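What follows is each chain in one-letter form.
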Amino acid sequence: MSRLDNKVAIITGASSGIGRAAALLFARQGARLVLSARGRERLDAVAADVRAAGGAAIAVPGDVSDEAHHRALVDAAQAEFGGLDIAFNNAGTTGPIGPLPALAAADWQAVLDVNLTSAFLAAKYQLPALEARGGGAVVFTSTFVGYTAGFPGLAAYAASKSGLIGLVQVLASEYGQRGVRVNALLPGATDTPMGRAVANTPEAREFIAGLNAFKRIAAPEEIAQAALFLCSDASSFTTGTAMLADGGVSINRV
Ligand SMILES: NC(=O)c1ccc[n+]([C@@H]2O[C@H](COP(=O)([O-])OP(=O)(O)OC[C@H]3O[C@@H](n4cnc5c(N)ncnc54)[C@H](OP(=O)(O)O)[C@@H]3O)[C@@H](O)[C@H]2O)c1
């Protein structure tokens with residue numbers, strides 16, 4: 001028996017990095033997938049990889065800051081696979097990196113739209129679908145940045161991602177008795193296109209790796225395993241958490 005047998009999952013940000021690794025892992029664990037990202041080509045390629053490995057996946061391209069996209073994802077889960085059990089809301093953006101006074105208000109708003117308003121919109125459509133199914137799991141990808149560690153140049157990113165943790169706490173308490181668990185996953189530095197854009201020189205990479213207890217950057221597959229835990233019944237008594245998978249950045253002092 002695999003850990004996600006008979007489950008239907010939405011994964012956003014599924015065309016790259018952590019989301020792609022989660023798509024491949026969740027499919028191996030038996031889940032049928034509705035995959036989201038803006039770029040159709042890379043998303044179709046991930047869906048094809050899942051199917052080539054014997055899994056089931058459809059690609060629904062769109063922008064997570066667009067309300068209609070969340071409705072379309074839930075509709076696709078119900079139409080293609082009969083319902084929704086899991087939502088791994090993982091798409092995100094750092095936005096421009098730099099000192100706050102240099103940040104344009106429009107860029108601040110765009111980061112909040114993609115990282116935080118998207119979560120509200122996702123929940124708005126996912127929660128009724130999960131409830132109709134008798135329960136399920138929602139996970140939002142947050143970050144250690146702005147939660148357990150400051151990080152210069154990432155004000156909008158930190159503010160939007162820590163906003164997810166407040167949202168998770170409210171939704172977890174609202175939906176606990178309705179069988180829906182809601183959690184935030186807080187990765188540390190991970191080797192993805194986004195991670196490489198932040199750690200964009202050998203010196204930056206060494207500095208960022210040095211922040212954690214292992215002195216290395218995570219592979220996306222390691223974060224996908226943490227997402228699998230939160231999305232599966234293995235975490236049946238876990239809700240409302242901000243679960244760190246950060247290599248110990250938050251406790252490391254040497
Ligand atoms: N990498 C790290 O070090 C790290 C650490 C902590 C937390 N995180 C978080 O982990 C999550 C995944 O990041 P990653 O490192 O795997 O990044 P990534 O490899 O750059 O992947 C980002 C994914 O999100 C999609 N995406 C971006 N903006 C979107 C939008 N507006 N609408 C829909 N899809 C969008 C991208 O596809 P398209 O561009 O085609 O839309 C892509 O599939 C993010 O929420 C990030 O904040 C990452």
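Throughout what follows, the structure given in this document is the object of discussion.

Focus: unusual backbone geometry
At step 1: A positive phi angle is found at Asn-6, which is not glycine, with a value near 65 degrees.
At step 2: Here Asn-6 lies in the segment before strand S1 (8-12).
At step 3: The residue Lys-215 is not glycine, and still its phi comes out positive at about 60 degrees.
At step 4: Mapped onto the elements, Lys-215 comes out in the loop between helix H7 (202-210) and helix H8 (220-231).

A look at the packing of helix H1 (residues 17-28) against helix H2 (residues 40-52)
At step 1: The geometry of H1 relative to H2 is characterised by a closest axis approach of 10 Å and an angle of 25 degrees between their N-to-C directions. In terms of orientation, H1 and H2 fall into the roughly parallel class. Crossing geometry of H1 relative to H2 is assigned as right-handed. Contact with H1, carried on its side by Arg-20, Ala-23, Leu-24 and Ala-27, involves Val-46, Asp-49 and Val-50 of H2 and no other residues of that element.
At step 2: In terms of residue class, the contact of H1 with H2 is built from 5 nonpolar, no polar and 2 charged.

Topic: empty space enclosed by the protein
At step 1: Scanning all chains against the criterion turns up 2 cavities of 30 Å³ or more.
At step 2: Roughly 90 Å³ of internal volume is contained in the largest cavity.
At step 3: Along its surface, the largest cavity is lined by 15 residues, and Thr-12, Asn-89, Asn-90, Ala-91 and Ser-118 are the ones closest to its centre.
At step 4: Listed by contribution, the elements that provide at least two residues to the lining of the largest cavity are helix H4 (105-132), strand S5 (136-141) and helix H5 (155-175).
At step 5: Per-element tally for the lining of the largest cavity: the top contributor is H4, with 5 residues.

Each value, and the rule that gives it
Residues numbered from 1 in each chain as written. Predicted model: local features only at pLDDT ≥ 70, side-chain atom pairs only at ≥ 80, totals over all residues. Heavy atoms only, no water. Helix = DSSP H or I, 4+ residues; strand = E, 2+ residues; numbered from the N terminus. Axes fitted to C-alpha atoms, helices over the stretch in contact; angles between N-to-C directions. Parallel < 35°, antiparallel > 145°, perpendicular 65-115°, else oblique. Left-handed = near helix turned anticlockwise from the far one by under 90°. Contact = heavy atoms within 4.5 Å. Nonpolar A, V, L, I, M, F, W, Y, C, P; charged D, E, K, R; others polar. 1 Å grid on protein atoms, 1.4 Å probe; cavity = no way out; pocket = protein on both sides within 12 Å on 5 of 7 lines; lining within 4 Å. Points joined across faces, edges and corners; volume = space filled by probe spheres on them.

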